[in-house]
Amino acid sequence: MGRRARWLVLLLCLAALSAGMLPAAGALPAADEEGNQDESLESKTLSAEDQVKDHSTGTRVVAGQIFLESGKSDSQSENEESFHSQEEEKENSLEELNSLEMSNLLNKDLEEAEMQSPVLTAIGGTADGEPCHFPFLFMEKEYAECTADGREDGRLWCATTYDYKKDQKWGFCESEEQSNKRRQMQEAEDVYQIGMKILNESSKKAQKKVAYQYLLKAADMNHTKAMEKVSYALLFGDYLKQNIQSSKELFEKLTEEGSPKGQMALGFLYASGLGVNSSQAKALVYYTFGALGGNLIAHMILGYRYWAGIGVLQSCESALTHYRLVANHVASDISLTGGTVVQRIRLADEVENPGMASGMLEEDLIQYYQFLAEKGDVQAQVGLGQLHLHGGRGVEQNHQRAFEYFNQAANAGNSHAMAFLGKMYSEGSDVVPQSNETALQYFKKAADMGNPVGQSGLGMAYLYGRGVPVNYELALKYFQKAAEQGWVDGQLQLGSMYYNGIGVKKDYKQALKYFNLASQGGHILAFYNLAQMHATGTGVMRSCHTAVELFKNVCERGRWSERLMTAYNSYKDGDSNSAVVQYLLLAEQGYEVAQSNAAFILDQKASIVGENETYPRALLHWNRAASQGYTVARIKLGDYHFYGFGTDVDYETAFIHYRLASEQQHSAQAMFNLGYMHEKGLGIKQDIHLAKRFYDMAAEASPDAQVPVFLALCKLGVIYSLQYIREINIREVFSHIDMDQLLGPEWDLYLMTIIALLLGTIIAYRQRQHQAIPRPAGLRPAVPQQEPPPEHQAPQ
């Protein structure tokens, strides 16, 4: 490398450092397509830990989201000061260079770089081996790149002089093999686009199957995105027959091509042991490469693994790095109308309590509400509008139907419907065009009627100047009115104003208060903002553990949560294999409900897994669900160790799990089991008194336990009585009894008299029975014969 090149490298490095190319505190790199993908996971983790430690309170809030600024707080560390001193020294050395000399060096090196850049050479034609000339003139049109114009075979060509017509000097820009490959890829792209168009525009299952046939054809032509779609469809059984082996082969092919989706999916297969021998080490490698490639699900999986210590050393800071990156993307996608509703249905609870509401609306009930709405029931119209706006509870998101229902209710004078129409116009969609003026009209009407949704919307308009001039005082006023009525959007925006000091004095305690209130209402951005505050120690003591839990909550509200309902529908349709694979992937992402549902299906002997592997795998996922606080999973762990399902019989371990469920979750079932183990002396010293105590506690904890507890106590009473009799010596007791003192000196005469009277009574009774004479048949009273019922009697 020459002197001039070395100067260029030095100058570029210094310029990068001075311009802030290093990630600023709190800046989150885009994880999908952009960002530096050459960093290792370890380097990302360390930089993120440093960011967490150095985050200041200098942040801003936009649309209810906290974004961290690069400004520093007063409490900077010594390492940070030394870093900045090094930065200043580098900047000073940069300033000492003569600016004219630097520009000359850069210009000369850029010219040399241009000269050294590869020149496109013509292949064949009339100028084989000559360099292409750009631009060149052909048919009175200039071309700055190779073209296929004028050729029926579609091969790209270029001219080697400016005027093709004059000189007729030309050649191909690609070989015939390259040309064929390019045309094949273009054909594959066309087929892929047709399939995606059908897939996105149709909601019918038959049409989606047709779409996947196009995608399958494109995948056979090595189209990367088509292969990704098809491989996941084969894995889950979505509109294609489930085939784990075929999906594995496609994932391996995608991984070789560097596809982050393929890497993540291959990691999942190794983690779950589907189609391959389970290997947590290989899974971690593929997950890491997928995360480095920008796959958000891979980041989420790594975040959960570092948080729970699965296959890696437990590290809260590393988990925070991955979860915060994903949460940043999820929060940025949240619109004014809110995110999609996540349905968390536990299969075990449905079986144990069939009558318990799962949150799903039956089709008959939805039709009943639709009937009421058509008849003009305003409440039904508003309810259906909200269901279709957000989706969930078995109802698909449909903005068109939501708009129609809200419109009907608004015309009837319902303030809630007016406010939601305002939100739809403010946000805009394919159905409702974005219009600040129309949104403002609806918000004002609803706010004048005292509706908190309208008040919050009006506050947003004044805060960001949507259709009206910016007015922080009015924004604060309307947010306060909405917050007083418990509306989460008002609480969130009010917290944001206090956090950023907009219209009020900056007050982190007030911001924390309103973010907490909004989080109790389930607002995803409230969780996000609280996580940022706990991660940076803004207004609260810094808590990595709390921040990770909050960020995890945000991440689980991402678009991928929709697969929870897809898996549930697959299970209800009788496709347990498809359901368990989907739940297993969601379980890898850290969804507790997916972990328990996957364990439940495996417990039912899912055929996709070998018969000898179902219980051990179910045990693994029950364990993970239990560690996240699910009571039934903790009791299941006790049951598995008690009966030896997937592990050796271990009464002591079973006792520990039952005790944890009893103490932490106050489970009546766990208390009953503890009573039984104390009664039998299993895993613990036999103690009938403690057994009775746990049985009584179970009856107090749940009314459903009262009947089995009563039976258990009856059994316990009998056992206690027999044990008492067994413990005492009958002969020894009678030998110590003095009958003369107890009944008198002539007690034997009294006893003989009583026995004689009893014998005489029995003899007299038996003689009377023998002397009884049977009555003649003719003297028996006649029994009147009943008339038979009529053969053709009408029903009563």
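Everything here concerns the structure above.
Residues numbered from 1 in each chain as written. Predicted model: local features only at pLDDT ≥ 70, side-chain atom pairs only at ≥ 80, totals over all residues. Heavy atoms only, no water.

A. The pattern of salt bridges, seen in detail. Applying the stated criterion across every chain yields a total of 16 salt bridges. A salt bridge links R305 to E588, with the shortest nitrogen-to-oxygen separation between them at 3.2 Å. Note that R305 is positioned in helix α12 (residues 296–308) and E588 in helix α27 (residues 576–588), a separation of 283 residues in sequence. One connected set of salt bridges, linked through shared partners, spans R305, E588 and R624. (Salt bridge = Lys/Arg side-chain N within 4 Å of Asp/Glu carboxyl O. Helix = DSSP H or I, 4+ residues; strand = E, 2+ residues; numbered from the N terminus.)

B. Summary view of the packing of aromatic side chains. In the structure shown here, the tally under the stated rule is 28 aromatic pairs. On the numbers, 5.3 Å between centres and 70 degrees between planes, the contact of Y232 with F251 is edge-to-face. With Y232 in helix α8 (residues 224–236) and F251 in helix α9 (residues 244–256), this residue pair connects regions lying 19 residues apart in the sequence. Since its relative accessible area comes to 0%, F251 is described here as buried. Members of the aromatic cluster, each reached through a chain of ring pairs, are F134, F136, F138, Y143, W157, Y164, W170 and F172. Here the guanidinium or amino end of R155 rests over the ring plane of F172, the centre of that ring lying 3.7 Å away. (Phe/Tyr/Trp six-rings, centres within 6.5 Å; stacked < 30°, edge-to-face > 60°. Buried < 20%, exposed > 50% of the residue type's maximum accessible area, 1.4 Å probe, protein only. Lys NZ or Arg CZ within 6 Å of the ring centre and 35° of its normal.)

C. The arrangement of helix α32 (residues 668–680) in detail. A rise of 1.5 Å per residue sets the reference length of α32, with its 13 residues, at 18 Å; its end C-alpha atoms lie 19 Å apart and thus fit the reference within 8%. A positive phi of about 75 degrees marks G681, the residue just after α32. (Expected span 1.5 Å × (residues − 1).)

D. Region of interest: helix α17 (residues 399–411). A rise of 1.5 Å per residue sets the reference length of α17, with its 13 residues, at 18 Å; its end C-alpha atoms lie 18 Å apart and thus fit the reference within 8%. For α17, every residue scored as buried is listed here: A402, F403, Y405, F406, A409 and A410. In the stretch just after α17, G413 is the one whose phi turns positive, near 95 degrees.

E. Inspection of unusual backbone geometry at higher detail. A cis amide bond, omega -5 degrees, links F134 with the succeeding residue P135. Notably, Y239 is not glycine yet its phi reads approximately 65 degrees, a positive angle. Here Y239 shows up in the loop between α8 and α9. Phi angles above zero are rare outside glycine, and H666 is one such case at about 55 degrees. By secondary structure assignment, the location of H666 is in the loop between α31 (651–665) and α32.

F. Expanded view of the nonpolar core. Residues F268, Y323, Y583 and W622 are the most contacted members of the largest nonpolar core, which totals 155 residues. F268 has contacts with L235, L274, Y287, V581, L584, L585 and E588, leaving out every residue within four places of it along the chain. (Core = buried A, V, L, I, M, F, W, Y, C linked by side-chain atoms within 4.5 Å. Contact = heavy atoms within 4.5 Å.)

G. Geometry of the state of the cysteines. Going through the model one piece at a time under the given rule, you end up with three disulfides. Here C132 is linked by a disulfide to C158, with a sulfur-sulfur distance of 1.8 Å. Every disulfide takes its handedness from the sign of the S-S torsion; for C132 and C158 that torsion is -60 degrees, giving left-handed. Within this pair, whereas C132 is found in the loop between α4 (99–116) and β3 (136–138), its partner C158 is found in strand β5 (residues 157–159), the two being separated by 26 residues in sequence. The exposure class of C158 is buried, given its relative accessible area of 0%. Each disulfide pairs two cysteine sulfurs, and for C316 the partner residue is C544, the sulfurs being separated by 2.1 Å. Between C316 and C544, the S-S dihedral sits near -115 degrees, and the bridge is therefore left-handed. Pair noted here: C316 is in helix α13 (residues 316–332) and C544 is in helix α25 (residues 544–555), with a separation of 228 residues, a long-range link. We classify C544 as buried; its relative accessible area is 10%. (Disulfide = S-S within 2.5 Å.)

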